[in-house]
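What follows is the residue order along each chain.
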Amino acid sequence: MFRATLKSLLARKVRLILSGLAVVLGVMFVSGAFVLTDTLGRSFDAIFAEGTSEIDVNVAAKPKVAVSELEGEQVANPLPAATVGRVRQVPGVADAVGVVVADGARLIGSNGKAVTSFGPPQLGENWTGESDLLRLREGRAPQADDEIVVNRALADAARVKVGERVGVLTAFESKRRDFTLVGVFGYSGDRDSIGGVNEVMFTTPTAQRLMLGKPDVFSSVTVTAADGVTPERLRDDVAAVLGADFEVKTGEQVAADQAAGLKEGLTFFNRILLGFAAVALLVGTFLILNTFSIIVAQRTRELALMRAIGASGRQIIGSVVLEAIAVGLIASVLGLAAGVGVGALLAWLFGRLAGGLPLAGLGVPPAAVIGAFAVGLVITVVAALLPALRASRIPPIAAMQDVATPDRPLTKVTVAGSLVTTVGAVLLFLGLSDNAGDNVLPTILAGVLFTFIGVALLTPLISRPVVSLLGAIFAWSVPGKLGRLNSGRNPRRTAITAAALMVGIALVTGVTVILDSAKGSIGKYSEDNIQAELVISGAQSGPRPASFDPAVLQRAAAIPGVRMVDGEYGDMVKVDGKTTYASAHSDPAALRRILGAEATAGVVDRLAPGQLLVSSDAAASRNLSVGSTVTVQAQRGEPRTYTVTGIYASSSLTSPVTLPADAAKEFLVPQPIRGFVQLTPGAPVVTVQPQVEALLADSPEVSVADRNAFIEQQTSQLDSLLTMIQILLALAIVIAVLGIVNTLALSVLERTRELGLLRAIGLRRAQTMRMITVEAVVISVFGALLGVAVGTGLGAAVVEALKDEGITDLVLPWSQMGTVLGLAALVGVVAAVLPAIRAARINVLGAIAHD
C-alpha cells in the first residue's frame, strides 16, 4: 500500500505542488515572523550590551509614571548633582560620573529641516570624555556653552561640518538654538553610531538646562567598580546607601531592561504577522481541501480497485493522509527556507529604515522550525481528512462503473453552514457588544473564523444560481455558454474555490469599511466641532511629538483678525495610580469654544490651579463627579491633588483628563504640541496664515494648516494603515488565485475525454481557451462578490458596535468595491492562462481514448 501511495503521489506531482505552494506561503509567513523578531531581538541585545559595556553599576531615580513602549516614552526624574558625591563615597567605587542623556535633541540640517529618526532615539547628552568605546574623529570636545559635538552618522545625515554654526531643537526648548559644531565622534570598530542613534553632546551645564530643564541635575550616575569588586556586590552596596527611591542596576541589567522594552514592541509586531499568516493558512486550507477532493473523485475507479483486491477502508484513509503528510513535509521545508530568507530581508530593511541598525548574525530560532512543521503538517492533514474519509467509503463495485461522481444533496452541508454561521454571529455579537469579559479580541477573532467557515459551507447552496446569473454575461457565444455550464456543474467545488478568494477580499473590504467609516466620522466631527480656521501641528516621527515655542501663541494672538488662540499640551500621567493620557490648554475656554466640548456637569471653560476636568467616559469608569478629588502624578515633579470642577462629553478631540496649563511644565514635552487659531468673522485665512507661519521659523518640525488640511493630515494615517493591511492580505489573495489555477488544471485533466469530444465536433483551440477563461472569470467574480458582501456585513457590524467610540457614520467604499470586482475578473483571466493553454493543446484522438 505504501508503494502504491508513493507511485500515486509521483503521478500527480504538478497538482500537489500547486496545493503545497499554498502551505509554503503560509509557513513562510509564520517562520519569517519568528526569524525577523529573533534577529532584531538579538540585535537589540547586542547594541544595549555594547552601550553599557563600560558601566559596572548604573544609578537612576525611579520613573514617576510607568509607560510601555507602545504608549510612548518613559523618563526618570533627574538626580541631584549631590548624588554623584554620595556614590563616590561608597566603599568599592573607583569612579562615579554624572550623566545627562535624554531623547529630544534634533539637529537642523543644512537644508533647514530637522533630521528625523524613525525608531532610534535622538539623544542629547553631556560630554564626559573619550573612552575605549567612543573616540573623537574630527575637532575637539565642547568647552563653551554654545559648542556641541555630534556622532558621524548624524553629521553625515545633516550634511554639516566641523566649524559650522548649526541649529538644535532640544527637549526643553522647541525654539531653534544655534551652536558651533566643534567635533565629530565615532565608536570602536569604525562605526558611525550605535544602533542608528543620533547623538548631540553639549557641555554639562548646557545639557542639564536644555535636556533636563534645570541646573545641577543628572539623568543617571555611572559607576566604575574598584579592582576586585564585582558589579553585583557594588550594586548592593550602593543601593543600601542610597535607599529605596533609587534604581541601582548592573550594566548587564540595564542592557537587558532596555532591550526588553523594545522586544515588547517586537512581540506585538510578531503577533500581527502571525495573524496574517493565519489568514493565509485558512485560505490555503480551502485550496488543499479542494485539491484532495478533486483527486479522490478522479481516483474513484483506482481506489475501488484497491478495495476490490483487499485494501481496507483504514488503508485507503492512510493512503490519502500519507500523501497529505508528504505534501505537508515538503511544503514545510520549503516554507521554512523561504521564511528564513524573508525574515532576513525584512530585518535588513528594518535596519536600513532605522538608520543603519547593525544586525546580529542570522539565526533560526526553535519556534520558527517547530511552527513551520507543526503548521504545515497540521493544516495539510486536517484539510485532507474529509477527502480521505470519503475515499474510504468508495465501494469495490465502483471499479466496474463510470468514474463520474454524481452530485450529493446539499442538505447536510447547508444545515452545518447555518449552525456554524449562527455560532459566528453570536460570538461576534458578544465580542462587539463588550459582553466577552477579558476575552474580547479572541471572541471577535473566533466569531470571524466561524463566520467565514459558515459562509463557505453555505456557498454551494447559492453558487449554482449566482454563477448561472454571472455566466449569462458571456452566454452570447458557444464558448461562453459552455464556460457558464461548466462553472456551475459542481457547486461544491466552485464554492470552495470561490470561498478561498472570499476570505481575503472579505477582510480587505471589512477593514476598508471600518477605516473609511472612521475617517468619515472623524472628518465630519472635526469639521463640525473644531471652531478654528488654522491649526499648528507637526508629524511625529519618534516617541516624542513635535512641539513649538509657547511664545508663538502670544504673538499669534496679537495678529490682526485673530480672535482666540489656544495651545494644547499632552502626556501620559497617573490618575489615582492608573496610567492615562492627559492634556492641558493654555486657554481652558478653548475646550468649549474651539473643540466643542459640551459640559455634562459643572463648568468646562474655566480651570484654576488645583482643578481638573474629566470626560464623561473617564468619570463613569473612575466613579468621579464634580467635587471629587484625585491624585495626579506627571512624568516629572511630585504628586498633586486636584478637584474635579467639570465633566465634558467624551469625543475624539478631547482627552480623558484635562489639567490646568501650569501642569504642563511637568510633562515629558513641556511645550505645546498643537495650536488652534480662531479668526474673527470675515478675517481672511490667506492673510493670517502666512503671518503665523513666520512665527514658526525657528520651529522647523511644525507648520500651520487650515482646518480642512489639518483634518486630512490626521486621517491620512488611517490610509497608511489600510495600505499596510492590504499588502499583508495580498498574500491570502495570491493563494486564492493559486486555488483557481489548481481547480481549473485538475478540472481540465478530469475532463480530458470531454474536451477531446468537443474538439472533435468542431470546437476550435481559441474557443476552448475562451471556455476555460469564462469558467475562471465566473468563479473569481463569484468569490469577489461573496467577499464584498461578507466584508461589508462584518465591517458594518463593527462600525455599529463602535458608535459609542465616535465612529458614527457608515461609509461604504463603492469605488473600491467596483475595483475589486474588476480586478477579480482580471485575476480570472490570468488564472486561466495555463489551464486554458493545456486544454487547447489536448490531442483530440488521445483524449477521446482517455479512460
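Everything here concerns the structure above.
Small disclaimer: the values here were computed from a predicted structure and weren't measured. (Residues numbered from 1 in each chain as written. Predicted model: local features only at pLDDT ≥ 70, side-chain atom pairs only at ≥ 80, totals over all residues. Heavy atoms only, no water.)

*Asks:* Lay out the overall build of the chain in plain terms, naming residues and giving numbers.
*Replies:* Looking only at helices and strands, the chain has 24 helices and 24 strands in total. Projected onto the principal axes, the alpha-carbon positions of the chain cover approximately 100 × 75 × 50 Å. Across the 851 residues in the chain, those meeting the buried criterion constitute 51%. Partitioning the contacts of the chain with sequence separation of at least 6, the portion at a separation of at least 24 is 81%. (Helix = DSSP H or I, 4+ residues; strand = E, 2+ residues; numbered from the N terminus. Buried < 20%, exposed > 50% of the residue type's maximum accessible area, 1.4 Å probe, protein only. Contact = heavy atoms within 4.5 Å.)

*Asks:* Before we move on, could you go through the sheet that holds strand β3 (residues 93-99) and cite the residues and values that matter?
*Replies:* Spatially, β3-β13-β1-β14 is the arrangement adopted by the four strands of the open sheet, whose pairing is antiparallel. Two strands close off the open sheet at either side, each with one partner strand: β3 and β14 (246-250). For this sheet, the mean inter-axis angle between neighbouring strands, taken without regard to orientation, is 20°. Judged from the three bridges that link them, strand β1 (residues 57-61) and strand β13 (residues 220-225) form a sheet pairing that is antiparallel. Paired with N58 across the bridge in β13 is T222. (Pairing = 2+ DSSP bridges. Axes fitted to C-alpha atoms, helices over the stretch in contact; angles between N-to-C directions.)

*Asks:* How would you sum up the packing of helix α14 (residues 491-529) against helix α21 (residues 765-801)? Please name residues and give values.
*Replies:* Put simply, α14 and α21 touch, their axes get as near as 6 Å, and they point 35° apart. For the element pair α14 and α21, the recorded crossing hand is right-handed. Split by residue class, the contact of α14 with α21 holds 16 nonpolar, eleven polar and no charged. (Left-handed = near helix turned anticlockwise from the far one by under 90°. Nonpolar A, V, L, I, M, F, W, Y, C, P; charged D, E, K, R; others polar.)

*Asks:* Describe in detail the nonpolar core, supporting the description with residues and values.
*Replies:* Formed by 114 residues in total, the largest nonpolar core has its most connected members in F286, F452, M502, V503 and I772. In contact with M502, not counting residues within four places along its chain, are F452, V455, A456, G783, L786, G787 and V790. In this structure, V100, A171, M211 and V229 belong to the second largest nonpolar core, which totals 44 residues. (Core = buried A, V, L, I, M, F, W, Y, C linked by side-chain atoms within 4.5 Å.)

*Asks:* A description of the packing of helix α11 (residues 411-432) against helix α12 (residues 440-471) should follow, citing residues and the corresponding values.
*Replies:* Between two packed helices, what matters for the description is the angle formed by their axes and the separation of those axes. Axis separation between α11 and α12 bottoms out at 7 Å; the angle between their running directions is 155°. With respect to α12, the axis of α11 lies roughly antiparallel. Taken as a pair, α11 and α12 cross one another with a handedness that is left-handed. (Parallel < 35°, antiparallel > 145°, perpendicular 65-115°, else oblique.)

*Asks:* Tell me about unusual backbone geometry, residues and numbers included.
*Replies:* Of note in this structure, R159 is not a glycine but carries a positive phi near 60°. Structurally, R159 is set in the loop between α4 (152-158) and β9 (165-170). Under the relative-accessibility criterion, R159 is labelled exposed at 69%. The backbone of D576 shows a phi angle near 50°, a positive value even though the residue is not glycine. Its place among the elements puts D576 in the loop between β16 (562-575) and β17 (578-585).

*Asks:* Let's hear about a nonpolar patch on the surface: which residues, and what values?
*Replies:* Together, L345, L346, W348, L349 and L359 make up an exposed nonpolar region whose accessible area comes to about 440 Å². For W348, the location among the structural elements is in helix α9 (residues 313-353). Given a relative accessible area of 46%, W348 falls into the partly exposed group. (Patch = residues over 30% accessible without salt bridge, like charges linked within 9 Å, V, L, I, M, F, W, Y side chains within 5 Å. Areas by Shrake-Rupley, 256 points an atom, 1.4 Å probe, with all protein chains shown as cover. Salt bridge = Lys/Arg side-chain N within 4 Å of Asp/Glu carboxyl O.)

*Asks:* Provide a residue-level description of the side chain of R235, including the pertinent values.
*Replies:* Here R235 shows up in helix α6 (residues 231-242). Relative accessible area serves as the criterion here: at 18%, R235 is assigned to the buried category. In this structure the side chain of R235 is engaged in a polar contact, spanning 3.1 Å, whose partner is the side chain of D236. Leaving out residues up to four positions away in the same chain, R235 has contacts with V57, V248, K249, T250 and Q253. (Polar contact = N/O pair within 3.5 Å; in protein donor to acceptor, adjacent residues only side chain to side chain.)

*Asks:* So what's going on with the pattern of salt bridges? Which residues, and what values?
*Replies:* Inspection of every chain in the model, using the stated rule, returns 17 salt bridges. The residue R152 makes a salt bridge to E138 at a minimum N-O spacing of 2.0 Å. Note that R152 is positioned in helix α4 and E138 in strand β7 (residues 134-139), a separation of 14 residues in sequence. Take R152: its relative accessible area is 16%, and that puts it in the buried class.

*Asks:* Give me the side chain of D103: which residues, what numbers.
*Replies:* Checked against the element boundaries, D103 lands in strand β4 (residues 101-103). For D103, the side chain forms a polar contact with the main-chain nitrogen of Q122, separated by 2.9 Å.

*Asks:* How would you sum up the pairing of strand β15 (residues 534-538)? Please name residues and give values.
*Replies:* Burial analysis of β15 places four of its five residues in the buried class, the great majority of the element. Relative to strand β23 (residues 674-679), β15 is paired through three bridges, and the arrangement is antiparallel. Across the sheet, V535 pairs through a bridge with F676, a residue of β23. As judged from the five bridges shared by β15 and strand β24 (residues 702-706), these two strands associate in the antiparallel manner. The residue of β24 that forms the bridge with V535 is A705.

*Asks:* Please provide a residue-by-residue account of the environment of R307, values included.
*Replies:* If you trace the backbone, R307 turns up in helix α8 (residues 300-308). The sequence separation of R307 and R393 amounts to 86 residues, and the corresponding C-alpha distance is 9.6 Å.

*Asks:* Please set out helix α22 (residues 814-831) residue by residue, giving values where relevant.
*Replies:* Under the 1.5 Å per step criterion, the end-to-end length of α22 is 25 Å for 18 residues, consistent within 8% with the ideal 26 Å. Every buried residue of α22 is listed here: M817, V820, A824, G828 and A831. In an axial view of α22, the angular spread of the buried residues amounts to 80°, which keeps them on one side of the axis. Exposed residues pointing more than 90 degrees away from the buried face of α22 are listed as S815 and V830. (Expected span 1.5 Å × (residues − 1). Arc of directions from axis to C-beta.)

*Asks:* Describe α6, and please don't skip the residues or the numbers.
*Replies:* Compared with the 16 Å implied by 1.5 Å per residue over twelve residues, the 16 Å span of α6 between its first and last C-alpha is a close match. Among the residues of α6, those classed as buried are L234, R235, V238 and L242. End-on view of α6: buried residues confined to an arc of 105°, all on one side of the axis. Among the exposed residues of α6, those pointing more than 90 degrees away from its buried face are R233 and A240. Just downstream of α6, G243 is the residue with a positive phi angle, here 100°.

*Asks:* I'd love a proper account of the environment of N486, names of residues and values included.
*Replies:* Relative to the helices and strands, N486 is located in helix α13 (residues 478-488). Along the primary structure N486 and V774 are separated by 288 residues, whereas in three dimensions their C-alpha atoms are 9.2 Å apart. If we ignore the near neighbours within four places in the chain, the residues touching N486 are R751, E754, M771 and E775.

*Asks:* Go over the environment of A831, please, and point to the residues and values.
*Replies:* Relative to the helices and strands, A831 resides in helix α22. Take A831: its relative accessible area is 2%, and that puts it in the buried class. With 576 residues separating them in the primary sequence, A831 and A255 have C-alpha atoms 52 Å apart. Ignoring any residue separated from it by four or fewer positions in sequence, one finds A831 in contact with V737, I740, V741 and L744.

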